[in-house]
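Architecture and fold: a report
Listed below, chain by chain, are the residues.
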Amino acid sequence: MSMTPVQIVSSELTAFLQTAILSLLNYVRFKMRIIDYFNILSILVNIMLILVALLIFTRKISLPLNNSRCRISFPVKLFTPTACLLIICGTFLRFYRIGLLPNGLQQDEASIGYEAYCLANFGTDRNGYPFPVYPITWGSGGGSPLLIYLNVITTKLFGSNVFALRFVPAFLGSLTLVLFYLLLRKMWNERIALVGLAVLALTPWHIVLSRWSLDSNTMPFWLCLATLLFVMAVRSQKTWQYCLAAAAYSLCLYSYGAANVVIPLHLLIICTYCLRHKLLKFSQLIASGISFLIVAIPLAIFYAVNFLGLPEIVTPYFSFQKFTSSHFGSVFVAFDSTLPAHLLANLKSLILFMTIGKNTEVLWNYVPGYWTLYEFTFPVTFLGIAVGYARLFQTKKSSDTAQPDAVMMSLLTAALIFALFIQQDINRMVMLWIPLVYCNVLGLRFLYHRSRYLFAGSMLLFMLGAVSFTHDYFGSYNDQVSYLFMPGYGDAMVYADQLADNKGSGTLVYSTYDNVASPFMLTLYYTKTDPAEFDRTVVYRDDTAEFRIATSYGHFVFGLPDDITSDQYQNDVIVVSHAQESMFDADNYDIVEFGNYAVVSAK
């Protein structure tokens, strides 16, 4: 007998709950750390604080906690100095030891850095195209045009190095604090803006994101900039400000691929809301739409080249080239008969992403025990989500109090819809986290207006979590992610390159794949290879693959032959991991160590 859809969903949810409970029990039994005990206790305390706040709200109970003697407030004259102090602290957390934490370089960082180096010094990308509107990097994309071209500027200013590569996300991450503070002050008031600034400044997700150069890591800045401009336009009702906001939203499309779905969906929702509540005139909608399209024209031409059969456009000053492969299949779930099952699985996964996290996520995106917005904050965040949607749907006419919820809740809605249809990870869902931080602030605001002590209790937990996070991140995080950022490998390849040049023509450099991801990309960045030489000599494992991997270029060969210790390689230079050093006799080989790697050459 076949099951009804309701029975299927009920069965799936039951199985999910059983698995979650068993996983939690096993976790408690075998893997508990101090931070895990703190998380569990803090979740329970936050739930208790919320229940008390709801009791006060529903029964309109007046508690002694609400009397004037118990108020937690600051003199107005201290608001601006406090904001400056929080911004300074947040900036420090994003810049301190930025070149050494994370130590090393991740392959996507190296890709962005090498692309910027090529454009800054040779005027072409790695594939020989002059100033591409959208660099195809690995072949199917993987590099934000905005981030790459901003790195061209920092490369010109500071040279091509790890600090210059990470300066852009750290700088824009610090400016995001300013934008978020101004956004909340424009939406609400100074007090709520300070709370939001403190939360974002100390949020693990944003600190981790701001300290390395992945293509998605500047998206929060552009998103906050566009949202702030839109809120200012709603407040002023001026057409030119709507046009400016539209241009900023269009600029987001160049920041990260997810914006191409989330931004149009968000604008559809919020513009419909504003038209309905007479916050936006139809003429203003047309004018701002034109502004959006003008900024998006280069990107539209690029997509026409790739998806509508338009031929490549190459000039000495700009280029529109074709992808070598589509990235669509590895990002979105399959739109076939398996779609309902994928959506249900994504819904369950999304709940974990928004609460205690998933232990299958790559460690370059989070610190274990803290997740994105701290594991223990999700009850307050979910309270804020409920408050935001409730206020939005209870509003019968336009009002100042409805506008901030509308813009942020529409952004949250668009990001959640997008998350259901993709292969989920923290990076791809980057546009989800700013609205969730906002919802956390809404939850804290709800607690504050029920009782200042409830608010203070939740904020105290947050601050204790921030202290613990700072200690662990700046203390032990490097050890946890060394296999992802491969410290020492780049220096080893630079030394091996110089050694091979000294040995003369015909000497090859063989690189290991042991504990190295995309060694050719790291080698390109660290050795500063001429892009023309690379393009002329590169041999790809599969030239049409989604991510093209080079097996060799120039005098570099990636992958060790099985007989690497035989006499035929005596004149070559070999880069190995520590685990492979034992293959080489120290009496016959010179071995120079660089972090987790070593350069080996015959004596």
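All of these numbers come straight from a predicted model, not from anything done at the bench. (Residues numbered from 1 in each chain as written. Predicted model: local features only at pLDDT ≥ 70, side-chain atom pairs only at ≥ 80, totals over all residues. Heavy atoms only, no water.)

**Considerations on the overall build of the protein**
For the protein, the helix and strand inventory stands at 22 helices and nine strands. When the 603 residues of the protein are sorted by exposure, 55% land in the buried category. Expressed as a percentage of contacts within the protein between residues at least 6 apart in sequence, the contacts between residues at least 24 apart total 75%. When the accessible surface of the protein is split by element, carbon and sulfur atoms take 65% of a total near 26,300 Å². (Helix = DSSP H or I, 4+ residues; strand = E, 2+ residues; numbered from the N terminus. Buried < 20%, exposed > 50% of the residue type's maximum accessible area, 1.4 Å probe, protein only. Contact = heavy atoms within 4.5 Å. Areas by Shrake-Rupley, 256 points an atom, 1.4 Å probe, with all protein chains shown as cover.)

**Quick look at the pattern of salt bridges**
This structure, assessed with the given rule, holds five salt bridges. Residues Arg-548 and Asp-543 are paired through a salt bridge, measuring 3.5 Å at the closest nitrogen-oxygen approach. You can call Arg-548 buried: its relative accessible area is 7%. (Salt bridge = Lys/Arg side-chain N within 4 Å of Asp/Glu carboxyl O.)

**What to know about the nonpolar core**
Counting residues in each nonpolar core, the largest one holds 182 residues, and the members touching the most others are Phe-180, Ile-263 and Leu-432. If one sorts the elements of this core by residue count, helix α17 (residues 430-450) sits on top with 15 residues. Setting aside chain neighbours within four positions, we find Leu-432 in contact with Leu-350, Met-354, Leu-412, Ala-415 and Leu-416. (Core = buried A, V, L, I, M, F, W, Y, C linked by side-chain atoms within 4.5 Å.)

**What about the confidence of the model for the protein?**
Averaged over every residue, the pLDDT of the protein is 88; the share at 70 or more is 89%. Overall, residues 62-72 carries pLDDT values under 50, and its contacts beyond four positions in sequence, including any with other chains, amount to 14 contacts. (pLDDT = per-residue confidence, 0-100.)

**What about the sheet that holds strand β8 (residues 589-594)?**
One open sheet accounts for seven strands, arranged β4-β5-β6-β3-β7-β9-β8; its pairing is mixed. Looking at which strands have only one partner, the edges of the open sheet turn out to be β4 (539-540) and β8. Sheet topology note: the strand β7 (residues 573-577)/strand β9 (residues 597-602) ladder contains five bridges and is antiparallel. Bridging across to β9, Val-575 finds its partner in Val-599. (Pairing = 2+ DSSP bridges.)

**With respect to the pairing of strand β5 (residues 550-553)**
Regular strands place their side chains on alternate faces of the sheet. The pairing of β4 with β5 spans two bridges and is classified as antiparallel. Residue pairing in the sheet places Val-539 in a bridge with Ser-552 of β5. When β5 meets strand β6 (residues 556-558), the two strands line up antiparallel, connected through two bridges. Across the sheet, residue Tyr-553 finds its bridge partner in β6, namely Phe-556. In sequence, β5 turns back onto β6 through a hairpin of two residues, with Gly-554 there showing a positive phi of about 55°.

**Focus: the packing of aromatic side chains**
Per the stated rule, a full pass over the model turns up 49 aromatic pairs. Between Tyr-96 and Phe-474 the ring centres are 5.5 Å apart and the planes differ by 55°, which places this aromatic pair in the tilted class. Highlighted residues: Tyr-96 in the loop between α3 (79-95) and α4 (107-122) and Phe-474 in the loop between α18 (452-473) and α19 (477-485), separated in sequence by 378 residues. The exposure class assigned to Tyr-96 is partly exposed, which follows from its relative accessible area of 38%. Aromatic pair Tyr-134 and Phe-302: ring centres 4.9 Å apart, planes at 15°, arrangement stacked. Here Tyr-134 is found in the loop between α4 and α5 (145-158), whereas its partner Phe-302 is found in helix α12 (residues 282-307), with 168 residues between them in sequence. Chaining the aromatic ring pairs together yields one cluster made of Phe-38, Phe-92, Tyr-96, Tyr-370, Tyr-374, Phe-376, Phe-462, Phe-469, Tyr-473, Phe-474 and Tyr-477. A cation over a ring is seen here: Arg-450 above Phe-446, with NZ or CZ 4.5 Å from the ring centre. (Phe/Tyr/Trp six-rings, centres within 6.5 Å; stacked < 30°, edge-to-face > 60°. Lys NZ or Arg CZ within 6 Å of the ring centre and 35° of its normal.)

**Digging into the pairing of β7**
The buried fraction of β7 amounts to five of the five residues, a majority that puts the element mostly inside the structure. Direction of pairing for strand β3 (residues 509-511) relative to β7: parallel, over a ladder of three bridges. Bridge pairing links Val-509 to Val-573 in β7.

**What about empty space enclosed by the protein?**
Going through the model one piece at a time under the given rule, you end up with seven cavities of 30 Å³ or more. Forming the boundary of the largest cavity are Phe-353, Met-354, Thr-355, Trp-371, Thr-372, Leu-373, Tyr-374, Thr-377, Phe-378, Thr-381, Trp-433 and Leu-436. For the lining of the largest cavity, the secondary structure elements donating two or more residues are α15 (378-394) and α17. Counted by class, the lining of the largest cavity contains eight nonpolar, four polar and no charged residues. (1 Å grid on protein atoms, 1.4 Å probe; cavity = no way out; pocket = protein on both sides within 12 Å on 5 of 7 lines; lining within 4 Å. Points joined across faces, edges and corners; volume = space filled by probe spheres on them. Nonpolar A, V, L, I, M, F, W, Y, C, P; charged D, E, K, R; others polar.)

**What about unusual backbone geometry?**
Leu-101 connects to Pro-102 through a cis peptide bond whose omega is 0°. Even without being a glycine, Phe-131 presents a positive backbone phi close to 35°. With respect to the helices and strands, Phe-131 occurs in the loop between α4 and α5. Of note in this structure, Ser-518 is not a glycine but carries a positive phi near 45°. We classify Ser-518 as buried; its relative accessible area is 13%.

**Re the packing of helix α11 (residues 259-276) against α12**
Between two packed helices, both the angle of their axes relative to each other and the distance between the axes serve to describe the pair. One can describe the packing of α11 onto α12 by two numbers: an axis separation of 12 Å at closest approach and a directional angle of 175°. On the basis of their axis angle, the class for α11 and α12 is roughly antiparallel. Listed contacts from α12 to Asn-260, Ile-263, Leu-267, Cys-271 and Leu-275 of α11 are Phe-282, Leu-285, Phe-292, Leu-299 and Tyr-303. Among the residues forming the contact of α11 with α12, the class breakdown is nine nonpolar, one polar and no charged. (Axes fitted to C-alpha atoms, helices over the stretch in contact; angles between N-to-C directions. Parallel < 35°, antiparallel > 145°, perpendicular 65-115°, else oblique.)

**Notes on the environment of Gly-595**
Its location among the elements puts Gly-595 in the loop between β8 and β9. With a relative accessible area of 52%, Gly-595 lands in the exposed category. Considered as a pair, Gly-595 and Ser-577 are 18 residues apart in the sequence and their alpha carbons are 9.3 Å apart.

**Considering α4**
Because an α-helix packs 3.6 residues into every turn, residues spaced three or four apart end up facing the same way. If you check α4, its first and last C-alpha atoms are 22 Å apart, about what 16 residues at 1.5 Å a residue would give, namely 22 Å. The buried count for α4 comes to 14 of 16 residues, which makes it a mostly enclosed element. The backbone nitrogen of Asp-108 lies 2.5 Å from a side-chain oxygen of the residue at the head of α4, namely Gln-106. Note on α4: the residue one or two positions beyond its end, Gly-123, has a positive phi of about 75°. (Expected span 1.5 Å × (residues − 1). Polar contact = N/O pair within 3.5 Å; in protein donor to acceptor, adjacent residues only side chain to side chain.)

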